[in-house]
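The primary structure of each chain is shown beneath.
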Amino acid sequence: MVVIRLSRSGNKNRPYFNVVVADSRKPRDGRFIERIGFYNPMAREGSETLRLETDRIEYWQDHGALLSQTMTRIVKLHAKGPEGLVEMKKKDADKAALKKEKKAAEKLAKAEAAVAETETEAAPAAAEADPAEAPAAEEAAPAEAPAAEEAAPAAEDKKEDK
């Protein structure tokens with residue numbers, strides 16, 4: 001079966017993709033039948049990011065070639081023009097920022113849980129040392145709980161804004 005897909009080249013952390021027509025049994029970066037364009041996701045603003053020979057893509061599709069999932073998305077973006085690529089890059093940046101915020105929120109929650117666990121371990125030790133101070137420690141713990149509950153909705157509100 002003939003497939004239209006991306007073949008990766010470029011340096012480490014600087015990918016550059018050739019759009020190729022290849023036999024599906026061949027390796028991703030292996031032998032291909034024809035090169036019909038390129039996609040440079042790391043292109044600077046003002047330089048060409050995507051070039052496709054649409055007439056050759058149509059030719060190969062008419063002859064039974066299938067588009068990979070990624071190529072289907074790229075062909076649709078190419079049809080939208082340069083605005084489609086800008087929109088895709090913005091969407092990817094927003095997605096990365098959301099993922100980073102989620103990871104930070106999880107790290108904060110984990111740290112708060114560790115602090116709460118340390119306090120619960122310290123409370124019985126303090127109760128054994130001085131029984132008069134034990135009620136004071138129990139009163140302090142509920143006062144901290146609402147602060148943690150306020151922090152969690154704030155993180156959720158940030159997610160909803162994006």
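Our subject in this report is the structure included herewith.

What counts as what
As a convention, each chain's residues are numbered from 1 in the sequence order in which they are written. Residues qualify for local features only when their pLDDT is at least 70, as the model is predicted, and side-chain atom pairs are given and counted only at 80 or more; totals for whole chains, interfaces and linings, by contrast, use all residues. Just so you know, side-chain values use all the structure's heavy atoms and leave hydrogens and water out. Ring pairs shown here join Phe, Tyr and Trp side chains whose ring centres sit within 6.5 Å, with only the six-membered ring taken for Trp; geometry is labelled stacked below 30 degrees between planes, edge-to-face above 60, and tilted in between. Put simply, DSSP H or I for four residues or longer makes a helix, DSSP E for two residues or longer makes a strand, and each gets a number counted from the N terminus. Accessibility here uses a 1.4 Å probe with only protein chains present; expressed as a share of the type maximum, an area under 20% marks a residue as buried, one over 50% as exposed, and anything in between as partly exposed. Charge over a ring is defined by NZ of Lys or CZ of Arg lying within 6 Å of the ring centre and within 35 degrees of the ring normal. Pairing between strands is defined by DSSP: at least two bridges between the two strands are required. Think of a patch as exposed residues, more than 30% relative accessible area, with no salt bridge, where like charges cluster within 9 Å and nonpolar side chains (Val, Leu, Ile, Met, Phe, Trp, Tyr) cluster within 5 Å. Note on areas: Shrake-Rupley, 1.4 Å probe, and residue coverage restricted to the protein chains presented here. Just to be clear on terms, a salt bridge is a Lys or Arg side-chain nitrogen sitting within 4 Å of an Asp or Glu carboxyl oxygen. Neither His nor the chain termini are counted; the positive set is Lys and Arg, and the negative set is Asp and Glu. Where a charge sits is defined by one atom per residue type, namely NZ (Lys), CZ (Arg), CG (Asp) or CD (Glu). Residues adjacent in sequence count toward polar contacts only when both atoms are side-chain atoms; beyond that, a polar contact is any pair of N or O atoms within 3.5 Å, and within protein one must be able to donate a hydrogen and the other to accept it. We call two residues contacting when some pair of their heavy atoms lies within 4.5 Å.

Quick look at the packing of aromatic side chains now. The tally for this structure, following the rule as stated, stands at 3 aromatic pairs. Ring centres of Tyr-16 and Phe-38 lie 5.7 Å apart, and the angle between their planes is 15°; this geometry places the pair in the stacked category. Of this pair, Tyr-16 sits in strand 2 (residues 14-23) while Phe-38 sits in strand 3 (residues 34-39); the two residues are 22 residues apart in sequence, bridging distant segments of the chain. Taking the centre distance of 6.3 Å and the plane angle of 20° together, the rings of Phe-17 and Tyr-39 count as stacked. One end of the pair, Phe-17, is in strand 2; the other, Tyr-39, is in strand 3, with 22 residues separating them in the sequence. Residue class for Tyr-39 comes out buried when judged on its relative accessible area of 8%. The side chain of Arg-56 reaches across the aromatic face of Tyr-59, ending 4.5 Å from its centre.

With that settled, consider the sheet that holds strand 3. Across the sheet, 5 strands lie side by side as 4-3-2-1-5; this open sheet has mixed pairing. Of all the strands in the sheet, just strand 4 (50-52) and strand 5 (66-67) have a single pairing partner and so form its edges. Relative to strand 5, strand 1 (residues 2-11) runs parallel, the two being bridged by 2 bridges. If you follow Val-3 over to strand 5, its bridge partner there is Leu-66.

This part covers a positive patch on the surface. On the surface, a cluster of positive charge is made up of Arg-73, Lys-76, Lys-80, Lys-91, Lys-95, Lys-99, Lys-103 and Lys-107. Going through the elements one at a time, helix 2 (69-80) and helix 3 (82-129) are the ones with two or more residues in the positive patch. Of the residues forming the positive patch, the biggest block, 5 residues, is contributed by helix 3. Topologically, Arg-73 is positioned in helix 2.

All right, on to a negative patch on the surface then. Together, Glu-53, Asp-55, Glu-58 and Asp-62 make up a negatively charged patch on the protein surface. As for its position among the elements, Glu-58 is in helix 1 (residues 54-62). Overall, the relative accessible area of 49% leaves Glu-58 in the partly exposed class.

Take the pairing of strand 3 next. Working note: regular strand, side chains alternate between the two faces of the sheet. With respect to burial, strand 3 is a largely interior element, 5 of its 6 residues being buried. In terms of strand pairing, strand 2 meets strand 3 through 5 bridges, oriented antiparallel. Within strand 3, the residue paired with Val-21 across the bridge is Glu-34. Where strand 3 and strand 4 come together, 3 bridges link them in antiparallel fashion. From the neighbouring strand, Tyr-39 faces strand 4, where its bridge partner is Leu-50.

As for its placement among the helices and strands, His-63 is situated in the loop between helix 1 and strand 5. Judged by relative accessible area, which is 54%, His-63 ranks as exposed. Among the polar contacts made by the side chain of His-63, one reaches the main-chain carbonyl oxygen of Tyr-59 at a distance of 2.9 Å.

The next subject is the side chain of Thr-49. Inspection of the secondary structure puts Thr-49 in the loop between strand 3 and strand 4. Those residues within four positions of Thr-49 in sequence are excluded, and the remaining contacts are Phe-38, Tyr-39, Asn-40, Ala-43, Leu-85 and Lys-89.

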